[in-house]
Amino acid sequence: MKLTVDGTSYEADVPADMPLLWVLRDELGITGPKYGCGIAQCGACTVHVNGLAVRSCQLPVGSLNGDVTTIQGLGSPEAMHAVQEAWVEHQVAQCGYCQSGQIMQAASLLTLNSDPDDEQINTVMSGNLCRCGTYPRIRAAVKTAALKLNRA
Amino acid sequence: MGVLKTAGTITRRTFLIGSAAIAGGVAFGTYLAKKPIDNPLLDDLEEGEAGITPFVKIGPNGITLITPRADKGQGAYSMQANLIAEELDIDPATATITPGMPGPAYYNGAVMSEGVPFPAYDESKLAETARNFMAVPAKLLQIQMTGGSSTVPDLFDRLRSAGAVARETLKEAAARQYGIPRAELRTEDGQVILPDGTTINYTALAAAAAAIEPVTDVTLRDPSAWTRLGKRDLPRTDMVAKCTGTEVYGIDVQIDDMVYASVCANPGIGGDVLGYDEAAALSMRGVQQVVPVKHGVGVIASNTWYAFEAIKALNCQWGPGPYPKNSAAIWEALDAAVDNEDHYDHRQRNEGDIEGALADAQTEGGVLEASYRVPYLAHAPMEPMNAIVRINDDSVEIWTGTQIPLFVRDKAAQISGVDRSRVLVYAQPMGGSFGHKLEMTHVEQAVELALAVKGTPVKMTWSREEDMTHDYPRPAGVARARGTVDNGQVTGFDLSVGQSAMAPSWFGRLTGMTVPGPDATITTGSWDQPFAIPHYRVTGYRAPDMVPVSSWRSVGASGNGFFHDTWLDELIHAAGADPLEERIRLCSHDTSRKVLEAVGALADWSGPSVGDGRGRGVAFCLSFGVPTAQIIDVTHTGDGIRVDKAFIVADVGTVLDPTNIEAQLFGGLIYGLSHAINSELTYENYAPQQTNYHAYEGLRLYQTPDVTVKVLENGHRIRGIGEPGLPPAAPALGNAIFAATGQRIREMPFYKHIDFI
Ligand code: FES
Ligand code: FES
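Asks: Explain the pattern of salt bridges to me, please; I cannot follow it from the model alone.
Replies: Working definition: two side chains of opposite charge can pair if their charged atoms are close together. Residues and elements named next belong to chain B. Taken as a whole and assessed by the stated rule, the structure comprises 50 salt bridges over all chains. For glutamate 351, the salt bridge is made with arginine 349, and the minimal N-O distance between the two is 2.9 Å. Put simply, lysine 752 and glutamate 747 hold a salt bridge, and the shortest N to O gap is 3.4 Å. Accessibility expressed as a relative area gives 43% for lysine 752, which makes it partly exposed. Several salt bridges converge on common partners, so that one network encompasses Glu87, Arg167, Glu168, Lys171, Glu172, Arg176 and Arg182.

Asks: Looking at this structure, I do not really get the domain arrangement of chain B. What am I missing?
Replies: Residues and elements named next belong to chain B. Here chain B is partitioned into domain 1 (19-225 + 238-244), domain 2 (250-320 + 385-461) and domain 3 (327-377 + 473-752). Computed from C-alpha coordinates alone, the two centres of domain 2 and domain 3 are separated by 37 Å. The interface of domain 2 with domain 3 comprises 12 residues on the first partner and 14 residues on the second. The junction of domain 2 with domain 3 conceals about 1100 Å² of combined surface from both sides, 65% of it contributed by carbon and sulfur atoms.

Asks: In this structure, what is going on with the domain arrangement of chain A? I would like to understand it.
Replies: How big an interface is tends to be stated in terms of accessible area lost as the parts join. Residues and elements named next belong to chain A. Along its sequence, chain A is organised into domain 1 (2-72) and domain 2 (82-151). For domain 1 and domain 2, the distance between their C-alpha centroids amounts to 21 Å. In this complex, domain 1 contributes 17 residues to the contact, which on the side of domain 2 involves 13 residues. In total, about 1200 Å² of surface goes out of reach between domain 1 and domain 2, with carbon and sulfur atoms giving 57% of it. Taken together, the links from domain 1 to domain 2 amount to zero salt bridges. Breaking the side of domain 1 that touches domain 2 down by element, the ones donating at least two residues are β3 (46-49) and β4 (52-55). When the residues that make up the side of domain 1 that touches domain 2 are grouped by side-chain class, the tally is seven nonpolar, eight polar and two charged.

Asks: When you look at the nonpolar core in this model, what are you seeing that I'm missing?
Replies: A general trend in soluble globular proteins is that nonpolar side chains are found buried together. Membership of the largest hydrophobic core comes to 181 residues, with the highest contact counts inside it found for Trp87 of chain A together with Tyr376, Ile398, Leu449, Ile632, Leu733 and Phe750 of chain B. Looking at which element gives the most residues to this core, the answer is helix α21 (residues 658-678) of chain B, with 10 residues. Apart from the residues within four sequence positions on either side, tryptophan 87 of chain A is in contact with Val92, Gln99, Gln102, Ile103, Ala106, Ile138, Ala141 and Val142 of chain A together with Met239 and Cys243 of chain B. In this structure, Met79, Tyr106, Leu194 and Ala206 of chain B belong to the second largest nonpolar core, which totals 41 residues.

Asks: Mind showing me how you'd approach the environment of phenylalanine 738 of chain B here?
Replies: Inspection of the secondary structure assignment puts phenylalanine 738 of chain B in helix α22 (residues 729-741). Those residues within four positions of phenylalanine 738 of chain B in sequence are excluded, and the remaining contacts are His573, Gln743 and Arg744 of chain B.

Asks: Help me understand the pairing of strand β22 (residues 614-623) of chain B in this model?
Replies: Residues in a regular strand project their side chains so that they alternate between the two faces of the sheet. Residue and element names in this part refer to chain B. The buried count for β22 comes to nine of 10 residues, which makes it a mostly enclosed element. Note that β22 and strand β23 (residues 626-637) share 10 bridges and pair antiparallel. Within the sheet, the bridge partner assigned to arginine 614 lies in β23 and is threonine 635.

Asks: Could you clarify how one ought to interpret the sheet that holds strand β21 (residues 535-543) of chain B in this entry?
Replies: Strand-to-strand pairing in sheets goes through backbone hydrogen bonds, with the strands running parallel or antiparallel. Residue and element names in this part refer to chain B. In spatial order, the strands read β13-β21-β20-β19-β14; together these five strands make up an open sheet with mixed pairing. Lying at the two open borders of the sheet, with one neighbouring strand each, are β13 (344-351) and β14 (368-374). On average, each strand axis in the sheet is inclined to that of its neighbour by 15°, with strand direction left out of account. Relative to the sheet, helix α13 (residues 354-363) contacts β13, β19 (477-486), β20 (489-500) and β21, its axis offset from that of β19 by approximately 65°. Along the sheet, helix α18 (residues 557-575) makes contact with β14, β19, β20 and β21, crossing β14 at roughly 155°.

Asks: I keep staring at a negative patch on the surface and nothing clicks. Help me out?
Replies: A contiguous patch of negative charge, built from Asp353, Asp360, Glu364 and Asp486 of chain B, is present on the exposed surface. Secondary-structure assignment places aspartate 360 of chain B in helix α13.

Asks: How should the interface of chain B and chain A be read in this particular structure?
Replies: Listed by partner, the interface residues are 63 residues for chain B and 54 residues for chain A. Three residues stand out in chain B for area buried against chain A, namely Trp305, Met382 and Leu701 of chain B, and they jointly supply 18% of the buried area on that side. On the surface where chain B and chain A come into contact, there are five salt bridges. Here lysine 34 of chain A makes a salt bridge to aspartate 252 of chain B, at a shortest N to O gap of 2.7 Å. There are 33 residue pairs in polar contact (both at pLDDT 80 or more) connecting chain B and chain A.

Asks: Would you explain the side chain of glutamine 403 of chain B in this entry?
Replies: Residue and element names in this part refer to chain B. One can find glutamine 403 in the loop between β16 (395-400) and α14 (405-416). A polar contact of 2.5 Å, which involves the side chain of glutamine 403, links it to the side chain of serine 433. Every residue in contact with glutamine 403, bar those within four places of it in the chain, is listed here: Ala70, Lys72, Gln144, Met145, Thr146, Gly147, Met430, Ser433, Gly435, His436, Lys437 and Leu438.

Asks: I tried to follow the packing of helix α7 (residues 151-178) of chain B against helix α8 (residues 202-210) of chain B on my own but got confused; where do I start?
Replies: Angle between the axes and distance between the axes: these two values describe a pair of packed helices. All names here are of chain B. Interhelical geometry of α7 versus α8 gives an angle of 80° and a closest axis separation of 9 Å. Compared by their axis directions, α7 and α8 come out roughly perpendicular. Residues Arg167, Thr169, Leu170, Ala173, Ala174 and Gln177 of α7 form the contact with α8, whose own contacting residues are Tyr202, Leu205, Ala208 and Ala209. When the residues that make up the contact of α7 with α8 are grouped by side-chain class, the tally is seven nonpolar, two polar and one charged.

Asks: What is the right way to read the sheet that holds strand β24 (residues 640-651) of chain B from this model?
Replies: All names here are of chain B. The four strands are arranged β22-β23-β24-β27 in an open sheet whose pairing can be described as mixed. Every other strand in the sheet has two partners, leaving β22 and β27 (706-712) as the edge strands with one partner each. Ignoring which end each strand starts from, the neighbouring axes of this sheet average 15° apart. Relative to the sheet, α22 contacts β22, β23 and β24, its axis offset from that of β22 by approximately 155°.

Rules of the game
Residues numbered from 1 in each chain as written. Chains lettered and ligands numbered in written order. Predicted model: local features only at pLDDT ≥ 70, side-chain atom pairs only at ≥ 80, totals over all residues. Heavy atoms only, no water. Salt bridge = Lys/Arg side-chain N within 4 Å of Asp/Glu carboxyl O. Buried < 20%, exposed > 50% of the residue type's maximum accessible area, 1.4 Å probe, protein only. Domains from an automatic or database assignment. Contact = heavy atoms within 4.5 Å. Buried area = accessible area lost by both parts, 1.4 Å probe. Helix = DSSP H or I, 4+ residues; strand = E, 2+ residues; numbered from the N terminus. Nonpolar A, V, L, I, M, F, W, Y, C, P; charged D, E, K, R; others polar. Core = buried A, V, L, I, M, F, W, Y, C linked by side-chain atoms within 4.5 Å. Pairing = 2+ DSSP bridges. Axes fitted to C-alpha atoms, helices over the stretch in contact; angles between N-to-C directions. Patch = residues over 30% accessible without salt bridge, like charges linked within 9 Å, V, L, I, M, F, W, Y side chains within 5 Å. Areas by Shrake-Rupley, 256 points an atom, 1.4 Å probe, with all protein chains shown as cover. Lys, Arg positive; Asp, Glu negative; His and termini not counted. Charge placed at Lys NZ, Arg CZ, Asp CG, Glu CD. Polar contact = N/O pair within 3.5 Å; in protein donor to acceptor, adjacent residues only side chain to side chain. Parallel < 35°, antiparallel > 145°, perpendicular 65-115°, else oblique.

In structure tokens, the structure reads:
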């Protein structure tokens, strides 16, 4: 099976019903997306398909219909995406395990809505669990990221 | 080893139950305690490298800082690196930061210091001596553990000293090389600077520094000279990696040629395996082997998902667990223990004449009474338990996130039969813990699996379901309270707490040792509060051992903080006093009183009721030496309770990383609110009924209040902050709901009694 992740093409010898998350992590060695629940409850596995957020633990790799971007393709330590920059500015992460998913979700939100209000941020970001309780800074960082993107 | 062993027996007891530390300690004399521990870095240096102290290694290619305390998200690596860097004069971003290999040099001298029989607000000479003395057994016992909010108190001086020793030794090396007195040299940004402005990189001095005796008579800089510590803009060293998906957690580690595995064990923890369908699992894709493990069975496969799928196909049959079958039976046992003399465990607070006060009030018809409950709770960090183990003929290697690397090492040695000197534990950053990674059942299982495929690394990952149902939870507890009020004041406070003992359950699993004596965790967080109530008694009753239990963020204070402060709030209400004013009046500890006053000012307190279905609650708990007060505002909307705002004030003595402290405090609050509102483990047929986040949800963004945090520095000791934010959250919320609705909730989780948005 062929797939494109973060701009690179891969060939993976896996069954069509294998969740994308595990193809990324265990077959391709791309570990930015995390396993948290496996049942669409936590959002730690969030990646983009064609630029929009999906829960990769729920997506059978056989039904993938576009290019995949993971947190590692969104930006890099040397060249961060605006959302990642905002996250660093606000020092959001504690354990950080949920943050790949939080950042991918936020980036997707800002693609669809460049200036979300509190209500919209609440609605879209509430599918992503953070056990460390970084929510107050996530809220602030989404707003900062929106400003950065709108300025750009 | 004879000496150490004896010392161990005495002090393990001291550590767990807080009996006389001084009596136990004197027996060792001071020789062993003062004797320096060998620097482990010296065993393992490359050509031209210097391991100047156990915490700093400098080679021609760079500087490595050893940060032995585990990072589970609280920022410990970053804090430790900055403590060294402050004196070493380097930017930690330019260094390699690693926990290094576990070893005796990295003992935790502070984790035991609150195990003394003095409440944290007791600043007397005797109490302080006892606390300082607890570092001695910790060193002798080689306790390298992360927990008890102890990282900063323990390492504050040690790591700065390590940085200073390394700096002065590098200067000395330069001094000899250039024939200039050391006193005339300066350091900056990883360089020694000669009087004429010539700069020499530390890395270029490594070989020379390695050849001389370290300079150890160093003076630590005054905080006014700090350039990193205490600064608002001090970034966490791991922040960029965590925001770019490049941080490598235990679950992300990849070793060449590794295979993947998962296990399922009896969720009636300790129960037998009656049977499973091995053939079904073996016939599935990617499955290589089915391996029995203690109380369960594992599957080795070519990726984690195959292993998860095959585990489901095993269709395991379990025998009964070694404890009551369901929650109803567990509550019955807990209820039967409280106020039952046969279950009496300890009473560390007994002031005035509470029996007399209650009797007097009885005749006047005025005894106030209530009872409370808190449930078993899973830790449920986002990263499920995992470990990679590779076993060769004479070595074991383990890659895992852990708070207890030396216990892991010893247990792996025991299971594999390999000498512990050949067991290497590579500690990894953790995707949360909250105390979960003070356990190691998952590593034991991974060792069993690795023994079945010697030479091949096995990466074992628990599914979320396995993790939720094999969490050693926070103990469930019950409390009965009685009290009296008179003339607008709280005059009598009597609290009886019933719970299974936590410390022996946990320590028994780690070491196989039994722990005699009382278990202080039953009343930690209620017996030790800084209030002067005329008649004041707190008693711990020990329920039978039931579900095996463990430390959970803030340990005893997680339940006791709720019992104590809610009951205080009820009495204050009965007295007709203002909740904040009366707490301040009763408070007997200056630092704590200032915290209460500050939270009132921060929130602009003007009483609990703020009109139209809105209410405010204040709560206070002194835990891990940190007095913490919170005020929470709620609104009773048509759709349920909405938590609007939270104000937090805490006193940590000295602030090192203000931005991170603030995060830890509101993180503790949110973790506390999560469980207060909607999380519990209930048991049926010996197993928890909550198997994943859908049934154990915690707070989500839309339910999170706006938070305001203020940190004070009046305390006389530096304190850690990973846990104290939690205990006041549940009572502050409950007190606010009472103010808004008149409904008093005495059982967690609250959603069983009132709706939330
Ligand atoms: S792992 Fe996909 S939502 Fe939790
Ligand atoms: S930062 Fe730890 S779970 Fe979100």
